[in-house]
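# Residue-level structure breakdown
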Amino acid sequence: QAHFVESGGGFVQSGGSLTLSCEVSGIILKNYNMGWFRQAPGKERQLVARVVHNRYKNYADSVKGRFIISRDDAKKMVNLQMNNLMPDDTGVYYCNAEYGRAWLNNWGQGTQVTVSS
């Protein structure tokens, strides 16, 4: 069973940067697409970045040009570099794995990101 441990969140002012990390265990990472999700207060969880074997990456419109997703299959890590953060980026960030167009059902505890104006 896949297990995700997210870290790297924190409190930052607008325009600041953070890098989130996700340690993955229980699966062979190279067999999966990986993604980062954000759940803002009172809202549903939203996919913000997705990576396919480091060759193809796509992003939500709201984070394009500011966020960069990367993966290291050997280290079983997935990172999300977040630049020029804005208050709307506030939320709990989760990583997950995708197989056959479906994201896995189990989730980690997430990491809180708070951006002040």
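Everything quoted here is computed from the prediction, not taken from an experiment. (Residues numbered from 1 in each chain as written. Predicted model: local features only at pLDDT ≥ 70, side-chain atom pairs only at ≥ 80, totals over all residues. Heavy atoms only, no water.)

### Section: the overall build of the protein
Helix and strand counts for the protein stand at 0 helices and 11 strands. Along the protein, helices (α) and strands (β) appear in the sequence β-β-β-β-β-β-β-β-β-β-β when read from the amino end. Relative to its length of 117 residues, the protein is compact, with a C-alpha radius of gyration of 13 Å against a globular reference of 13 Å. Each principal axis of the C-alpha atoms in the protein carries an extent, and together these give about 40 × 25 × 25 Å. Expressed as a percentage of the 117 residues in the protein, the buried residues total 44%. Sequence-distant contacts in the protein: of pairs separated by 6 or more residues, those separated by 24 or more amount to 57%. Entry remark: accessible area of the protein is about 6,300 Å², with carbon and sulfur atoms responsible for 47%. Looking at the protein, you have 13 positive and 9 negative side-chain charges, and the mean spots of the two groups are 6 Å apart. (Helix = DSSP H or I, 4+ residues; strand = E, 2+ residues; numbered from the N terminus. Rg over C-alpha atoms; globule rule 2.2 N^0.38 Å. Buried < 20%, exposed > 50% of the residue type's maximum accessible area, 1.4 Å probe, protein only. Contact = heavy atoms within 4.5 Å. Areas by Shrake-Rupley, 256 points an atom, 1.4 Å probe, with all protein chains shown as cover. Lys, Arg positive; Asp, Glu negative; His and termini not counted. Charge placed at Lys NZ, Arg CZ, Asp CG, Glu CD.)

### Regarding the nonpolar core
Met-34, Trp-36, Leu-80 and Met-82 are the most contacted members of the largest nonpolar core, which totals 28 residues. For this core, the secondary structure elements donating two or more residues are strand E3 (18-25), strand E4 (33-39), strand E5 (45-52), strand E7 (67-72), strand E8 (77-82), strand E9 (91-99) and strand E11 (111-116). Looking at this core element by element, the count peaks at 4 residues for E3. Those residues in contact with Met-82 that lie beyond four places of it in its chain are Gly-16, Ser-17, Leu-18, Leu-20, Arg-66, Phe-67, Tyr-93 and Val-113. (Core = buried A, V, L, I, M, F, W, Y, C linked by side-chain atoms within 4.5 Å.)

### Focus on the pattern of salt bridges
Applying the stated criterion to the full structure yields 5 salt bridges. We note a salt bridge from Glu-98 to Arg-50, for which the minimum N-O separation is 2.7 Å. Here Arg-50 lies in strand E5 and Glu-98 lies in strand E9, a separation of 48 residues in the sequence. Among the residues examined, Glu-98 registers a relative accessible area of 9% and is labelled buried. According to the relative accessible area criterion, Arg-50 is buried, its value standing at 18%. When salt bridges with common partners are traced through the structure, they connect Arg-38, Arg-66 and Asp-89 into a single cluster. (Salt bridge = Lys/Arg side-chain N within 4 Å of Asp/Glu carboxyl O.)

### Focus on the sheet that holds E7
Read across the sheet, 4 strands follow the order E1-E3-E8-E7 without closing on themselves; strand pairing throughout is antiparallel. Taken across any chain shown, the strands that pair with only one partner, and hence form the sheet edges, are strand E1 (3-7) and E7. Across this sheet, the average inter-strand angle for adjacent strands is 15°, counted without regard to direction. In the sheet, E1 pairs with E3 via 5 bridges, with the strands oriented antiparallel. Bridge pairing links Val-5 to Glu-23 in E3. (Pairing = 2+ DSSP bridges. Axes fitted to C-alpha atoms, helices over the stretch in contact; angles between N-to-C directions.)

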